[in-house]
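Remarks on the overall topology
Residue strings, one per chain:
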Amino acid sequence: MNKVISIGRQLGSGGRTIAKLVADHFGCQFYDSELLNLAAKESGFSEQAFKQNDERRRFFRNFGAITSMLTPHSSLPTPNNDFSPEGLFKFQSDAIQKAADEGDCVFVGRCADYILRELPQLVTVFITADIDYRAEQVAKREGCDAEEALRIIHDKESQRAAYYNYYTGKRWGDSSSYQLCINSSLFGLERTAEYIEQFVEERLALVGKE
C-alpha cells in the first residue's frame, strides 16, 4: 500500500519545507510545482498554461491566449482537450492520481486531499502558523516590510482559498477538511515535520488493521 500524503499550508508557515522533510524521511516522491510539468506532459499544453492557472481561478478570454499556451506538437482545444480552467484542473487531477498510483508520494496543495479522497491510505495535513511569524518569513523572502508581507499573504491566500473552495466544495484551511492541523510556529519546521511523520506512521498502522 503506497504512502500518500497531502499537505496544505498557509503562506509563510514553512509548509513546503516541512513537506519536503516529510517526503525525504519516508523516501517519498515530492510533488509541488513538479505537478505542473506532469500535467503539461499529459495534456499537450505547455507548463506555462498550468502555471497561470496554478491554485487560482483564471479564465482565458481570447484565442491568442489559448494558442500561445500550446506546445509545438499539440492541437487546438477540442471536447477531449479542454483548455478551460476546469479542463486544466482535470488534467492536473489526472496527473496527481497517476503519481499516487505509481508510488509513495507527498503532495503540496493543489486540492490533492480532495482529488485522492477515495484512497484509504491518504493522510491529509494542514500547516498553519501565527500571523506575525508568517509575516516575518514572507518579509524575509520577498525583501519587504511587514505591511507589504501581510498584503502578499492576504492576496495569495485569497487566491488559494477561492481555487480550493471552488473545485472541492469545501473550505480551505477549515480543520474539518483535514485529518491533522498543526501550528509550525509553535514547534519549528523540523519538529513539526517529526510530529507529522509520527502521525503518518500511526495513521497508516490503523489503516492496515482495518
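Residues numbered from 1 in each chain as written. Predicted model: local features only at pLDDT ≥ 70, side-chain atom pairs only at ≥ 80, totals over all residues. Heavy atoms only, no water.

1. Quick look at the overall build of the chain
Using the following cut-off: Labels follow the DSSP assignment, with helices taken as runs of H or I lasting at least four residues and strands as runs of E lasting at least two, numbered in each case from the N terminus. Only protein chains enter the accessibility calculation, which uses a 1.4 Å probe. A residue is then buried if its area is under 20% of the maximum for its type, exposed if over 50%, and partly exposed in between. Pairs of residues are marked as contacts when any of their non-hydrogen atoms sit within 4.5 Å. Using a 1.4 Å probe, accessible areas were evaluated by the Shrake-Rupley method; residue-level cover was limited to the displayed protein chains.
Tallying secondary structure elements over the chain gives ten helices and five strands in all. The buried share of the chain, reckoned over its 210 residues, is 49%. By sequence separation, contacts in the chain at least 24 residues apart represent 68% of the contacts at least 6 residues apart. Summing over all exposed atoms, the chain offers an accessible surface of approximately 10700 Å²; the carbon and sulfur share of this is 48%.

2. Focus on the nonpolar core
To be explicit about the condition: We define a nonpolar core as any set of buried Ala, Val, Leu, Ile, Met, Phe, Trp, Tyr and Cys residues linked to one another through side-chain atoms lying within 4.5 Å.
The biggest cluster of nonpolar side chains holds 21 residues, and the ones touching the most others in it are Val 4, Ala 100, Phe 107, Cys 111 and Leu 116. Put simply, the parts of the chain that give this core at least two residues each are helix H5 (85-102), strand E3 (105-108), helix H6 (112-115), strand E4 (122-128) and helix H8 (146-168). Within the second largest apolar cluster, 20 residues are counted, among which are Ile 18, Val 22, Val 106 and Leu 204.

3. Quick look at the pattern of salt bridges
Quick note on the threshold: Salt bridges, as used here, are contacts in which a Lys or Arg side-chain nitrogen is within 4 Å of a carboxyl oxygen on Asp or Glu.
The full count for this structure, using the stated rule, is twelve salt bridges. In this structure, Arg 171 and Asp 174 form a salt bridge, with 3.6 Å as the shortest nitrogen-oxygen distance. Residue Asp 174 is classed as partly exposed on the basis of its relative accessible area of 21%. Taken together, the shared-partner salt bridges in this structure form one network comprising Arg 16, Asp 32 and Arg 110.

4. Some words on the side chain of Ser 6
Spelled out, the test is: Pairs of N or O atoms within 3.5 Å make up the polar contacts considered here, provided that, within protein, one atom can donate a hydrogen while the other can accept it, and that residues adjacent in sequence are counted only when both atoms are side-chain atoms.
Residue placement: Ser 6 occurs in strand E1 (residues 4-9). Under the relative-accessibility criterion, Ser 6 is labelled buried at 3%. Side-chain polar atoms of Ser 6 contact the backbone nitrogen of Asp 113, separated by 3.1 Å. Excluding residues within four positions of it along the chain, Ser 6 makes contact with Phe 107, Ala 112, Asp 113, Leu 122, Val 123, Thr 124 and Val 125.

5. What to know about the pairing of E1
As a reminder of what qualifies: Think of it this way: DSSP has to see at least two bridges between two strands before they count as a pair.
Across the six residues of E1, six count as buried, placing the element largely inside the fold. Every second residue of E1 is oriented toward a common face, with Val 4, Ser 6 and Gly 8 on one face and Ile 5, Ile 7 and Arg 9 on the other, all of them buried. Summarising the sheet, E1 and E3 pair through four bridges and their orientation is parallel. Of the residues in E3, the one forming a bridge with Ile 7 is Val 108. Sheet topology note: the E1/E4 ladder contains six bridges and is parallel. The residue of E4 that forms the bridge with Gly 8 is Phe 126.

6. Here's the deal with the sheet that holds strand E5 (residues 180-183)
Our working rule: Here the axes come from fitting lines to C-alpha atoms, over the contacting stretch only for helices, and the angles between their N-to-C directions go from 0 to 180 degrees.
Pairing is parallel across the open sheet formed by five strands, whose spatial order is E2-E3-E1-E4-E5. The sheet is open, and its two edges are formed by strand E2 (29-31) and E5, each paired on a single side. Within this sheet the neighbouring strands show an average axis-to-axis angle of 20°, counted without direction. As judged from the three bridges shared by E2 and E3, these two strands associate in the parallel manner. Each residue of the ladder has a partner; that of Tyr 31, found in E3, is Phe 107. Each of E1, E2, E3 and E4 touches helix H1 (residues 15-26); the most contacted strand, E1, lies at about 165° to it.

Geometric values such as these leave the question of function open.
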